[in-house]
Amino acid sequence: MTGTHSAAVYLPARSTDFAESPRPPDGVCMEVLSEVFKAVQLNGALFYNAEFSAPWCAHSVDAQTVNSHISPHSQHVIIFHLLTQGRGYANLEGDERQLPLNAGDILIVPSGDPHILGNGPPIKAVDRSQVLDQVLSQGLKVSRMGGGGELTRFVCGYLSCDPQLSRVFLGALPPIFKVSIRDDPSGEWLERSIRYSVDNVDASRPGCGAVLAKLSEVLFVETLRRYIENLPSGQTGWLAGVRDPEVGKALALLHRQPAHPWTIASLAKEVGTSRTVLAERFRRYISDSPIAYLTRWRLQLGAQMLTSTSSGVASIGAEVGYESEASFNRAFKREFGLPPAQFRSRSRTVRRKGSSRVLAKVVVRRHETTGA
């Protein structure tokens with residue numbers, strides 16, 4: 001086996017020395033995810049509707065290829081595949097271990113790494129990225145290929161999000177994983193809604209694209225919630241912390257009001273526990289104190305605002321919880337190695353270069369297509 005990816009199909013083993021805690025109400029988990037996704041500016045879309053017959057095997061479109069078509073900016077792209085009929089398998093390129101897929105499974109590739117999908121005996125994989133222009137131009141018309149055997153139907157999509165802020169949850173995810181959404185009525189409803197929308201898509205109908213985008217965003221949030229629910233009871237890390245009663249409530253508060261002048265005492269009071277218990281559980285799950293975590297999140301928000309708005313440095317600092325521009329400057333430089341103004345200038349330079357590269361690609365493709 002070759003490649004640099006670590007296998008992450010299976011969840012980590014239970015820790016024997018970690019005290020188990022009861023799971024919080026499901027609403028707490030969704031509350032944390034909702035607050036985080038408000039900040040990361042999650043945007044989804046469905047772009048591929050497939051009906052493949054066994055045997056088939058395809059190199060799936062990776063995030064870098066998708067991003068070059070959808071955005072000139074350095075957005076992070078998450079790839080997903082929802083199987084609605086049949087079965088198949090998936091594996092990262094360079095990793096021969098296959099993850100079996102069945103109808104009702106959604107496969108998530110959080111960093112959009114190159115990967116392979118297939119069903120049936122081994123055959124040479126077809127590179128679907130070579131026809132991405134055609135796929136995007138035809139909308140969600142059914143794409144067919146294969147050897148005429150067992151059918152696998154699936155829809156593929158992507159979600160783009162801020163690369164800095166999304167590290168909060170992406171850093172805790174394996175490079176490829178699956179979750180079944182067909183094990184309860186809400187998941188079945190979501191799958192049926194997506195399948196119906198894809199099968200009856202009409203680009204001329206107002207709001208059609210917006211509906212599909214929202215469905216793909218809901219699909220990802222629901223998948224992440226189920227993934228968190230299925231983590232081993234002794235698991236640590238940010239995602240497991242979301243599920244912990246005290247840590248989950250604290251995270252929801254910090255993400256809902258990042259500029260609030262939180263102290264460990266005021267946060268513990270809102271959570272309904274002692275300072276000692278909150279600090280201990282936060283450190284066990286997040287490997288940091290609540291206030292240190294809040295500081296990093298504030299600065300990440302500040303960095304995002306510097307690159308996406310024209311607000312002044314002092315205004316941004318105040319909005320993320322700093323009393324003075326000087327204190328924001330000092331904290332920002334410690335975190336990113338540059339003062340805010342210089343960080344903004346450098347980010348804009350990188351963005352302009354990225355826009356130029358994408359424009360050049362578009363011009364080349366147009367020249368190749370028209371022969372102009």
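Residue numbers here run from 1 along each chain, matching the order of that chain's written sequence. The predicted origin of the model limits local features to residues at a pLDDT of at least 70 and limits the giving and counting of side-chain atom pairs to 80 or more, whereas totals for whole chains, interfaces and linings rest on all residues. Working from all heavy atoms in the structure, the side-chain values ignore hydrogens and water.

Moving on, we get to the overall build of the chain. Here a helix means four or more residues in a row that DSSP labels H or I, a strand means two or more in a row labelled E, and each is numbered from the N terminus. Scanning the chain from N- to C-terminus turns up 14 helices and 11 strands. Residues classed as buried in the chain amount to 48% of the 372 residues present. In the chain, 78% of the contacts between residues at least 6 apart in sequence involve partners at least 24 apart. Of the roughly 17900 Å² of accessible surface on the chain, 52% is carried by carbon and sulfur atoms. Throughout, exposure labels follow a simple rule: accessible area from a 1.4 Å probe, protein chains only, divided by the maximum for the residue type, with under 20% read as buried, over 50% as exposed, and the rest as partly exposed. A contact between two residues is defined here by any heavy atoms of the two lying within 4.5 Å. Only the protein chains shown count as cover for residues, with accessible areas throughout obtained via the Shrake-Rupley method and a probe of 1.4 Å.

By convention a nonpolar core is built from buried Ala, Val, Leu, Ile, Met, Phe, Trp, Tyr and Cys residues, the set being connected through side-chain atoms within 4.5 Å. Counting 74 residues, the largest nonpolar core has Phe169 and Trp238 as its most contacted members. Sort the elements by how many residues they give to this core and helix α6 (residues 208-229) lands first, with 9 residues. Leaving out residues up to four positions away in the same chain, Trp238 has contacts with Val32, Leu33, Val36, Val168, Phe169, Leu251, His255, Tyr285, Ile286 and Tyr293. Within the second largest apolar cluster, 25 residues are counted, among which are Ile79, Leu101, Leu132 and Met145.

Right, let's talk about the packing of aromatic side chains for a bit. Pairing of aromatic rings covers Phe, Tyr and the six-membered ring of Trp, with a centre-to-centre limit of 6.5 Å; geometry is then stacked below 30 degrees between planes, edge-to-face above 60, and tilted otherwise. According to the stated counting rule, one finds 16 aromatic pairs in the structure shown. With 5.1 Å between their ring centres and 80° between their planes, Phe332 and Phe343 make a pair best called edge-to-face. Of the two residues, Phe332 is situated in helix α13 (residues 325-336) and Phe343 in helix α14 (residues 340-370); the sequence distance between them amounts to 11 residues. Considered together, Phe332 and Phe343 belong to a single accessibility category, that of buried residues. Through a chain of ring-to-ring contacts, three or more aromatic side chains come together here, namely Phe47, Tyr48, Phe52, Trp56, Phe154 and Tyr158.

Moving on to empty space enclosed by the protein. Here a cavity means grid points, on a 1 Å grid over the protein atoms only, where a 1.4 Å probe fits yet cannot get out; a pocket means an open set of points with protein on both sides within 12 Å along at least five of seven lines; lining residues are those with an atom within 4 Å of a point. Grid points are joined across faces, edges and corners, and a volume is the space filled by probe spheres set on the points. As enumerated under the stated definition, the model contains 3 cavities of 30 Å³ or more in all. By volume, the second largest cavity amounts to about 40 Å³. At the level of secondary structure, the elements contributing two or more residues to the lining of the second largest cavity comprise β3 (76-85), β4 (87-92), β7 (115-119) and β10 (151-161). Among the elements that make up the lining of the second largest cavity, the one with the highest residue count is β4 (3 residues).

We now examine the pairing of β10. Across the 11 residues of β10, 10 count as buried, placing the element largely inside the fold. Where strand β1 (residues 43-53) and β10 come together, 10 bridges link them in antiparallel fashion. The partner of Glu51 across the bridge, within β10, is Arg153. Pairs of strands are assigned from DSSP output, requiring at least two bridges between the strands.

Right, let's get into the pairing of β3. Counted residue by residue, β3 has 9 buried out of 10 residues, so it is predominantly covered. Here β3 pairs with β10 via 9 bridges, running antiparallel. Residue Leu82 lies in a different strand from β10, and its bridge partner there is Val155. As defined by bridge partners, β3 adjoins strand β6 (residues 105-109) across 4 bridges and the pair is classed as antiparallel. By the bridge assignment for β6, Ile79 is matched with Val109.

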